[in-house]
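# Report on the structure
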Amino acid sequence: MTTTVIVGAQWGDEGKGRIVDVLTNHAKYVVRFQGGANAGHTIVVDGKKTVLHLLPSGILHENVKCVIGNGVVIDPEVCLAEIALLKSNGYLTDDTQLTLSLGAHVVMPYHKLIDKLREDGAGGSKIGTTGRGIGPCYEDKVARRGIRVEDIIDENRLRERLEYVLPQMNLYIEKVFGAPTFDFNEIFDKYLKFGAELKKYVYDTVVLLNMAVANRDNILFEGAQGTGLDVDHGTYPFVTSSSTVSGGAASGSGVGPTAIDYVLGVVKAYTTRVGSGPFQTELDDAMGRKLRERGGEYGATTGRARRCGWLDLELLRRSSMINGLSGIALTKLDVLTGFDKIKVCTRYEDDLTPHYIEMPGWKEKLDSADSVEKLPSNARRYIEFIQEQLQLPIAILSHGPARGSEIMISNPFKS
Ligand code: GDP
Ligand code: IMO
Ligand code: MG
């Protein structure tokens, strides 16, 4: 086994960063392939919490190479701040640990402004974005007027690209929103400086990763967001602007799909969603609040309270199909400890109302469980039911936020 793709199987925040951290021990490369600083991946090591928005979660392991692929949109300001923060915490001591793709698109200040202006004026159509400029940046990419990493590290290219795109953006900002426009020189100088600071990390990551594939090095692809937020397969238009599904790992990194060996879907033991959009199993009641409090369900990027509800197997079956899941990593099982009854949506009725079955809960803490056999019998019933319903093996079971609070049932890199 050489390559594993990790994707969120729900609406994000499933615990992808935490699972990447567990598997990084077995990987030589960890690669982000889509999204940008809208992600918030939390990792807890020795009681210390780190939240990564842009850099791959593998960066906390010093012998692992981390790559930001061409499919990611990079906000240089966030990138440099994250690099500085990691360094001040004793990580990233060797700059060759991080590589940024020449072809990744750059989030510009007008992207962030447009994201905000649109949301402010959207009323009931608000998507509830993270405000990180993600949508407008991907729009420019597809409209072929984007600015890429290769442009900000070259003065002439940046001038040429910015001269082409900025007047269009300024016109849009002024005419549509009546908002103040951007000054060419200010952006040009600022982004040229960012480019100079980031240049040492920039490389042709397509070549780098395909050499790693040829070498049979273990590669972990770290998805951001989740399948329900995928621009094609999610709950459109309440989605993000990238391909969050496993197929995105190929186009977003330049590694062919035939090189992908295993797709691991990260599934939270219940469901959460941040921002607007449909959520069939949402609990807008005391039970939902209980899940939120016990699970600490507040956004890692925006601090917003996450909407909470029961596990939705209908959503997960579709997610499994679209991603071609090989197995799942089930997270936050500990959060369900103490509930008398746990509901699971097994299917939707004709009008999309969820049909639930009720399962008995468990009271025992899961902290000390280092094997499935040591879990309380009702917790075992819960996970067996999930596996049976989804026809998928649970490869990793997480019952706490910290490194070590997991049960490795079958390691994707060794299967
Ligand atoms: P990501 O975006 O998919 O990486 O997930 P987030 O980091 O946004 O949200 C997951 C949250 O749950 C973080 O605060 C993690 O520290 C925490 N977490 C992950 N796995 C577990 C687990 O098994 N149990 C508990 N209690 N917390 C967990
Ligand atoms: P991680 O990687 C949860 C949601 C936003 C909003 C929609 C569009 O931590 O799982 P965007 O800023 O991307 O244009 O917002 O997508 N969203 C996320 N929700 N986890 C995330 O990332 C998310 N990234 C974006 O809340 O509904
Ligand atoms: Mg998150």
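None of these values were measured; they are calculated from a predicted model. (Residues numbered from 1 in each chain as written. Chains lettered and ligands numbered in written order. Predicted model: local features only at pLDDT ≥ 70, side-chain atom pairs only at ≥ 80, totals over all residues. Heavy atoms only, no water.)

## Concerning the site of ligand 1
Around ligand 1, a shell composed of 18 residues is seen, among which Lys16, Gly40, Thr42, Asp334 and Ser398 lie nearest. Residue Gly400 places a main-chain N or O atom 3.1 Å away from an oxygen atom belonging to ligand 1. Considering ligand 1 on its own, with 580 Å² of exposed area, one finds that the protein chains cover 92% of that surface. Counting atoms within 2 Å of the grid points, the majority share of ligand 1 lands in the second largest pocket. Counting only elements with at least two residues in the shell around ligand 1, the list comes to helix H1 (16–24) and strand E3 (41–45). (Near = heavy atom within 4 Å. Polar contact = N/O pair within 3.5 Å; in protein donor to acceptor, adjacent residues only side chain to side chain. Areas by Shrake-Rupley, 256 points an atom, 1.4 Å probe, with all protein chains shown as cover. 1 Å grid on protein atoms, 1.4 Å probe; cavity = no way out; pocket = protein on both sides within 12 Å on 5 of 7 lines; lining within 4 Å. Sits in = over half its atoms within 2 Å of the grid points. Helix = DSSP H or I, 4+ residues; strand = E, 2+ residues; numbered from the N terminus.)

## Digging into a nonpolar patch on the surface
Judged by side-chain polarity, Tyr203, Val207 and Met211 come together as a nonpolar surface patch covering roughly 300 Å² of accessible area. By secondary structure assignment, the location of Val207 is in helix H8 (residues 205–214). Taking relative accessible area as the criterion, Val207 reaches 37% and is therefore assigned partly exposed. (Patch = residues over 30% accessible without salt bridge, like charges linked within 9 Å, V, L, I, M, F, W, Y side chains within 5 Å. Salt bridge = Lys/Arg side-chain N within 4 Å of Asp/Glu carboxyl O. Buried < 20%, exposed > 50% of the residue type's maximum accessible area, 1.4 Å probe, protein only.)

## Focus on the pairing of strand E7 (residues 98–101)
Of the two faces of E7, the one holding Leu98 and Leu100 and the one holding Thr99 and Ser101 are both buried throughout. Taken together, the three bridges between strand E5 (residues 65–68) and E7 define a ladder with parallel strand orientation. For Ile68, the partnering residue across the bridge sits in E7 and is Leu100. Bridge analysis of E7 against strand E9 (residues 202–203) gives two bridges, and the strand direction is parallel. What sits directly across from Ser101, in E9, is Tyr203. (Pairing = 2+ DSSP bridges.)

## Side note on the coordination of the magnesium ion (ligand 3)
Within the protein, Asp13 (OD) and Gly40 (O) serve as the donor atoms for the magnesium ion (ligand 3), at 2.0 to 2.2 Å. Linking Asp13 in the loop between strand E1 (3–8) and H1 with Gly40 in the loop between strand E2 (29–32) and E3, this pair joins segments that are 27 residues apart in sequence. (Donors = N, O, S within 2.8 Å, 3.2 Å for Na, K, Ca; no water.)

## Observations concerning the domain arrangement of the protein chain
Taken domain by domain, the protein chain comprises domain 1 (3–100 + 204–414) and domain 2 (105–201). Using only C-alpha atoms to locate each centre, domain 1 and domain 2 end up separated by 29 Å. Here domain 1 meets domain 2 over a buried area of about 2,300 Å², counting both sides, of which 59% is carbon and sulfur. When the buried area of domain 1 at its contact with domain 2 is split by residue, Val73, Pro76 and Leu80 rank highest and sum to 24% of it. Among the ionic pairs, Lys112 bridges to Glu77, the shortest N-O distance being 3.6 Å. (Domains from an automatic or database assignment. Buried area = accessible area lost by both parts, 1.4 Å probe.)

## Here we look at the sheet that holds strand E10 (residues 219–222)
Strand order in this open sheet of ten strands is E9-E7-E5-E2-E10-E1-E11-E15-E18-E19, and the pairing throughout is mixed. Strands with a single pairing partner mark the edges of an open sheet, and in this sheet they are E9 and strand E19 (406–408).

## Concerning the sheet that holds strand E17 (residues 354–360)
Overall, mixed pairing links the three strands, which are arranged E14-E16-E17 in an open sheet. The sheet is open, and its two edges are formed by strand E14 (311–312) and E17, each paired on a single side. Pairing of E14 with strand E16 (residues 341–348) involves two bridges; the strand directions are parallel. From the neighbouring strand, Asp312 faces E16, where its bridge partner is Cys345. Running at roughly 55° to E16, helix H11 (residues 313–323) makes contact with E14 and E16 of the sheet. Across the sheet, helix H12 (residues 377–390) lies against E14, E16 and E17, angled at about 145° from E17, the strand it touches most. (Contact = heavy atoms within 4.5 Å. Axes fitted to C-alpha atoms, helices over the stretch in contact; angles between N-to-C directions.)

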